[in-house]
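Coordinate inspection notes
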Amino acid sequence: MAISQMIGAKIHRREDPHLITGGGRYVEDLIRPGTLSMVVVRSPHPHARIISINSERASAMPGVLAVLTAKDFKPLLTGTHPVAPAFVPEKHTVPDRFPIAETEVAFQGEPVAVVLAETRKLAADGAEAVEVEYEPLPAVMDLFKALEPDSPKAHGDAVDNKAWDLTYSAEDSVQEAFAQAEVVVKERILQQRLAPTPIEPRGVQAEYNTFDDQLTIWMATQNPHFIRLFVSGAMGLPETKVRVVSHDVGGGFGSKISPYPEDYLVAAAARILKRPVRWTETRTESLQTTTHGRGQVFDVEVAAKRDGSLLAMKVTQYLDTGAYVGTFGAFQACACLLAGGGYKWPGGIAARTIGVLTNRVPTDPYRGAGRPEATHNIERMMDVLAAEIGMDPAEIRRKNFIQPNEFPFTNNFGLTYDSGNYDGALSKALELAGYQDFRRQQAEARQQGRYLGIGLSTWIEICGFGPSAATAGATGGIALVESAEVRVHPTGSAQVFVGTHAHGQGHDTTFAQIAADTLGLPYEHIEVLHGDTAQGPAFGYGTYGSRSLAVGGMAVRKASQRIVEKAHRIAAHLLEASTDDVIFEQGRFHVRGNPTQAKSMGEIAFAAYGASLPEETDHGLEAISYFDPPNFVWPFGAHVCVVEVDPATGSVDLQRYVAVDDCGNVINPMIVEGQLHGGIAQGIAQALFEEVAYDPESGQLMTGSLIDYMVPTANEIPAPVLDRTVTPSPSNELGVKGIGEAGTIAASAAVINAVVDALSPFGIRHVDMPASPDRLWKQIREAQGSARA
Ligand code: MCN
C-alpha cells in the first residue's frame, strides 16, 4: 500500500488472521511449569456473618497444597479496594473491601477462601470440602427498599444504604419553568442490570521470582498499568518489581477496567507458595461475580410548551451500586450531566444522583456507562412528549436541537460539546429508513391488524477521556492522558508502543495507519505493541471510554511527528541544505523544487544510527509522547429502528435498523463499522433480551448460566444499514471522535421507541427493558383490559 494513503483506508484488521485461525494467546493458553490452580470458595448467601472456616478436610485432599483465607492474606495485602471519587466526593460512604471476606459477606459469590492444588479439578474438589459456617443476615436486594429507614443494611456496620446522594443543580429557573410550562410529562425508566459477558471470561496467572523479587502477572485486562499500580500498592512492592502482561483479550466491554479480588489473591498466593498460580473464572462465576452494568432507575420530568419547545428537566438517578462501590461505579452518575442530550434547555436541568448499597454484586462501567442511560431517558421522553402534544417525533427533535453554528456549546452542567450537526445525521437516517413512506405502510398494516412501529434515537456522547484538568479530580489525582513510544530501527521498520490496550478494537491496524502516514513509512513496516508494562512508556492509561483513538492515537501521531522533526534535521544535513529548504512529502525528504534529490525515511533511519549526523544530534530515532487533549470529544448520530410486534404473543420482530453516526474523521471505515455492529447488537440486547435477575427473597442469582441470561445471537440481530456524516473534532489534530460505544449508547432507545410506537394504538406510552414477550404480552393484556373497563 502506498505511503500517505493509510488514514481513512478501508483495510482489513491485521489482528484477524491469527485470531480467527486459533492463534490467539489468552491467559488460559499460557502454561508455566509447576503452576498451581486456584479455585475460589464463594459465599452462597447474599449477606451473612462468617462463623468459622474449617479447611482440615480440604487440606488433606489429594493434590491440594493450601487452603488460604483472609488471615493468610492479611500480612501480604494492605489497603482496601480502590474507588475513584469520580463525581461524588461528598457524602460518600464507601464500605471498605478486602479482596477476601473475613467476618461478613455482602453478596452471593463473595470470596471466603481459596484452594490451591496441582490441577483445577483437584482444587475444585478441595473447594467442595471447605466447611464454612455462616449466620445468614437479612439481605436487601431492592434499591427502593434499601432506601427505607427500617430496611436491612447491606453491611453490618452501615448507618444507611446510601453510598452517595448528590444534587448537581437545582436551579430556581427549573422550578419557574415547571410552574409556567404548558405541558409536563414524567416517566419512571428502568435500566436493568446487565452482565457484560465477554467471550473470554476473567483470568489471571502470577509468578513470583524470588531470585530478583519480580512478580509477573498475566491477565485479561483493559488497562495493565492500572493493575500494576493497584497490585504493587496493595503488596507494598515498587512498580518496577511488578510486571503485568496482557496478550490477546477476548472482550471486556468495560468489565475488565477495574481490579478484582482474584487479581490480588492470585498474585499473593504465588508469593506465599512460591509457585506460579492460575485462575480463570467459570461462566457462572463470570455472571455471578464480574461487575454488572446499569442497574439504575430514573425519574424524569420534562416541562415544555405546547408547540414542542423544551423548557426544563428534572432527573433523579437511583443507582444500585451493589454491595461495594465499584472502582469506577460512580462514573455512571454522568447520566445526570448528559441528561439534556443534544437539545437546548433554556430553563435548566435539575439533577440528583443517589448511589444505593444492596446485597448484589457491585456495578461498574459496562459499554457506554451512564451515556446509554442518559440517551435512553431523553430519547424516550422526547417521544413521550411528542405523543402527548401530537407532534411528529422527528419534528420535535429538530425543533430543539443545538444548531451547527452554536458549537462549541456549553451544556447546563458546564460541559462543552466540541462540534456537531445533529439534524444532518437525522435527515440522512430518516431518508435511508424511508421515514415518510413508513407512516403510510404503518397505517395500512394497522388496518390489517398488524402493529408496525418506528423509533428514533438522536444520540450524543462524551468520550475521549480525557483532559487532565477535568479527569484528575474524578480519578483521585491520576490525569487521563495517553502515551506512545515510537522506535524507528536502522532498517526503517518501526515499533509503536502504546499505553492503550485493545481487546477487540483493532488498534494494531488503526494505530499503524496513523504511524505510517505520519512517519512516511510503509504500513507493513510498522508493528504496534501494547499490553506489557515492561515495554514502552512508563505509564499507560488503558482502553475504555472510547478514548484510545482520540487520546492514544494522538499520542502516536505526536511521537511520530517528533521522529519526523529529527529526521528532517538529519535529511537537511545529508542533502547539504538548510532545514527550511527541505520538505517532507510522501515519505521522502527533498530540497524544495528538486524532488529527484531525495532521502527516504528508511535511508534517514539508517543514517540516524550511523557516523554522519549533524552537530549536537544524538544517535537513534526514537520518541515518547504523552497527549493531553484540550477537551473531550462529542460524537453523535441518529438511529432508526423498525419493528413489528405480535400482540398475540408479545414478540418483537426487528425488521430494519439504520444508523447514521458521526465520529469526525475516520481512520478505518471497516473498523468503525465493526465497532458499530457490535455496539448496536449490545444495545438491542439490552432493549429486548438481557437482564440479570435475582430472587427478591432469597437473593439467589437466577441468571447464572447462558441458558437463563439471554445473550442474543446473530439470528436475533438484523444487519444494520450504516452510513455517516463527518464533523471533525476541533479537540485534536486528527479531527477524530470515538466510536467504540456509540452503537450501544444509541440502540436501546431506538428499539424501545419503535416498540412503543407499534403499541401506541393500545394506549401504551412506555415500555421497560427488556421488552421481552412476556412483559409485552402482559402490558398489552392490561391495556386491553383497561380499555374495556
Ligand atoms: N476508529 C476510527 N476512526 C474514528 C473512531 C475510531 O478508525 N473516528 C477506530 C479506532 O482507531 C479503534 C476503534 O475504531 O481502532 C475504536 O476506537 P475508539 O472509539 O477510540 O474506542 P477504544 O479503542 O477506546 O475502545 C473502547 C470501546 C469501549 S469503551 C468498549 S466498552 C468496547 C469497545 O470499545 N468494548 C469492546 N469496543 C469493543 N470491541 C470489542 N471487540 N470488544 C470489546 O470489549
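Data block above holds the structure.
Now for a look at the structure at hand. These figures come from a predicted structure and were not determined experimentally.

Looking only at helices and strands, one finds 21 helices and 28 strands in the chain. For 789 residues, the compact-globule estimate of 2.2 N^0.38 gives 28 Å, and the C-alpha radius of gyration of the chain, at 28 Å, lies within 12% of that figure. Here the C-alpha coordinates of the chain stretch approximately 95 × 75 × 50 Å along the principal axes. Burial statistics for the chain: of 789 residues in total, 61% are counted as buried. Considering only residue pairs separated by 6 or more positions, the chain has 80% of its internal contacts joining residues 24 or more positions apart. Only carbon and sulfur atoms are counted for the fraction: they give 52% of the accessible area of the chain, which is about 29,000 Å².

With their axes 8 Å apart at the nearest point, helix α11 (residues 371-389) and helix α20 (residues 742-759) run at an angle of 30° to one another. The orientation of α11 relative to α20 falls into the category roughly parallel. Judged by the twist between their axes, the crossing of α11 over α20 is right-handed. Across the interface between the two elements, Arg 371, Pro 372, Thr 375, His 376, Glu 379, Arg 380 and Asp 383 of α11 pack against Thr 744, Ile 745, Ala 746, Ser 748, Ala 749, Ile 752, Asn 753 and Val 756 of α20.

Inspection of the region around the ligand gives 31 residues, with Gln 505, His 507, Ser 548, Gln 675 and Ile 739 positioned closest. Within the backbone of Arg 547, a nitrogen or oxygen atom sits 3.2 Å from an oxygen atom of the ligand. Counting only elements with at least two residues in the shell around the ligand, the list comes to α16 (507-519), α17 (548-574) and α19 (669-689). Sorting elements by how many residues they give to the shell around the ligand places α19 first, with three residues. Per-class residue counts for the shell around the ligand are nine nonpolar, 18 polar and four charged.

Over its 18 residues, α20 runs 27 Å from end to end, which matches the ideal 26 Å to within 8%, given 1.5 Å per residue. Of all 18 residues in α20, 18 are buried, a share of seventy percent or more.

Turning our eyes to something else, we now look at unusual backbone geometry. Omega for the bond connecting Phe 407 with Pro 408 falls within 30 degrees of zero, at -5°, which places this linkage in the cis form. Looking at where Pro 408 falls in the secondary structure, it is placed in the loop between α12 (393-400) and β16 (409-410). Of the consecutive residues Met 769 and Pro 770, the connecting peptide bond is found in the cis state with omega at -10°. Not every positive phi belongs to a glycine, and Asp 213 is a case in point at roughly 55°. Within the element layout of this structure, Asp 213 appears in the loop between β9 (203-209) and β10 (214-219). Positive phi, normally seen in glycine, also occurs at Arg 294, with a value near 60°. With respect to the helices, strands and loops of the structure, Arg 294 is situated in strand β13 (residues 293-304).

Glancing now at the pairing of strand β20 (residues 494-498). Counted residue by residue, β20 has five buried out of five residues, so it is predominantly covered. The alternating pattern of β20 places Ala 494, Val 496 and Val 498 on one face and Gln 495 and Phe 497 on the opposite face, and all of these are buried. As judged from the five bridges shared by strand β19 (residues 482-488) and β20, these two strands associate in the antiparallel manner. Paired with Ala 484 across the strands is Val 498, a residue of β20.

Bringing the nonpolar core into the picture now. Ranked by size, the top nonpolar core spans 155 residues in total, and within it Phe 73, Leu 215 and Ile 217 carry the most contacts. The dominant element in this core, judged by the number of residues it contributes, is α17, at 12 residues. Beyond its immediate sequence surroundings of up to four residues, Phe 73 is in contact with Leu 68, Phe 98, Ile 100, Val 114, Leu 265, Ala 268, Ala 269 and Ile 272. The next biggest cluster of nonpolar side chains, apart from the first, holds 38 residues, and it includes Val 643, Val 666, Ala 687 and Leu 759.

Before going further, it helps to examine the sheet that holds strand β2 (residues 48-54). A sheet is described by the order of its strands in space; here three strands give the open sequence β4-β2-β6, paired in antiparallel fashion. The outermost strands of the open sheet, each flanked by one partner alone, are β4 (104-105) and β6 (131-136). Where β2 lies against β4, two bridges are found, and the strand directions are antiparallel. Residue pairing for β4: Arg 49 is matched across the bridge by Glu 104.

Turning next to the pairing of strand β15 (residues 348-357). Side chains on a regular strand alternate between the two faces of the sheet. β15 sits mainly inside the fold: nine of its 10 residues count as buried. Of the strand pairs in this sheet, strand β14 (residues 310-322) and β15 are connected by 10 bridges, and their pairing is parallel. Across the sheet, Met 313 pairs through a bridge with Ile 349, a residue of β15.

A full pass over the atoms with the stated rule returns 16 aromatic pairs. Plain terms: the ring middles of Phe 226 and Phe 539 are 5.7 Å apart, the flat faces sit at 65° to each other, and that makes the pair edge-to-face. Taken as a pair, Phe 226 in helix α7 (residues 224-235) and Phe 539 in the loop between β21 (526-529) and α17 lie far apart in primary sequence, 313 residues in all. Accessibility classification places Phe 226 together with Phe 539 in one group, the buried group. Taken together, Tyr 343, Phe 401, Phe 407, Tyr 422 and Phe 636 form an aromatic cluster joined through their ring pairs. For Arg 14, the ring lying beneath its charged end belongs to Tyr 523, and the centroid distance is 4.2 Å. It is Lys 314 that lies over the ring of Phe 178; its NZ or CZ is 4.3 Å from the centre.

Attention now goes to the sheet that holds β21. Read from one edge of the open sheet, four strands run β21-β20-β19-β25, paired in mixed fashion. Two strands close off the open sheet at either side, each with one partner strand: β21 and β25 (622-627). Adjacent strand axes in the sheet meet at a mean angle of 15° when their direction is disregarded. The sheet strands contacting α16 are β19, β20 and β21, and the helix crosses β21 at an angle near 135°. Sheet strands touched by α17: β19, β20 and β25. Its angle to β25, the strand with the most contacts, is close to 145°.

As a working rule, side chains carrying opposite charge can pair if their charged atoms are close by. In this structure the tally under the stated criterion is 42 salt bridges. Measuring nitrogen to oxygen at the nearest pair gives 3.6 Å for the salt bridge that ties Asp 320 to Arg 360. With a gap of 40 residues between them, Asp 320 in strand β14 and Arg 360 in the loop between β15 and α11 connect regions that are remote in the sequence. Using a relative accessible area of 4% as the deciding quantity, one classes Asp 320 as buried. Within the structure, one salt-bridge network assembled from shared partners comprises Arg 42, Arg 202, Glu 262, Glu 281 and Glu 285.

Cut-offs and rules
- Residues numbered from 1 in each chain as written.
- Predicted model: local features only at pLDDT ≥ 70, side-chain atom pairs only at ≥ 80, totals over all residues.
- Heavy atoms only, no water.
- Helix = DSSP H or I, 4+ residues; strand = E, 2+ residues; numbered from the N terminus.
- Rg over C-alpha atoms; globule rule 2.2 N^0.38 Å.
- Buried < 20%, exposed > 50% of the residue type's maximum accessible area, 1.4 Å probe, protein only.
- Contact = heavy atoms within 4.5 Å.
- Areas by Shrake-Rupley, 256 points an atom, 1.4 Å probe, with all protein chains shown as cover.
- Axes fitted to C-alpha atoms, helices over the stretch in contact; angles between N-to-C directions.
- Parallel < 35°, antiparallel > 145°, perpendicular 65-115°, else oblique.
- Left-handed = near helix turned anticlockwise from the far one by under 90°.
- Near = heavy atom within 4 Å.
- Polar contact = N/O pair within 3.5 Å; in protein donor to acceptor, adjacent residues only side chain to side chain.
- Nonpolar A, V, L, I, M, F, W, Y, C, P; charged D, E, K, R; others polar.
- Expected span 1.5 Å × (residues − 1).
- Pairing = 2+ DSSP bridges.
- Core = buried A, V, L, I, M, F, W, Y, C linked by side-chain atoms within 4.5 Å.
- Phe/Tyr/Trp six-rings, centres within 6.5 Å; stacked < 30°, edge-to-face > 60°.
- Lys NZ or Arg CZ within 6 Å of the ring centre and 35° of its normal.
- Salt bridge = Lys/Arg side-chain N within 4 Å of Asp/Glu carboxyl O.

These figures capture arrangement, not role.
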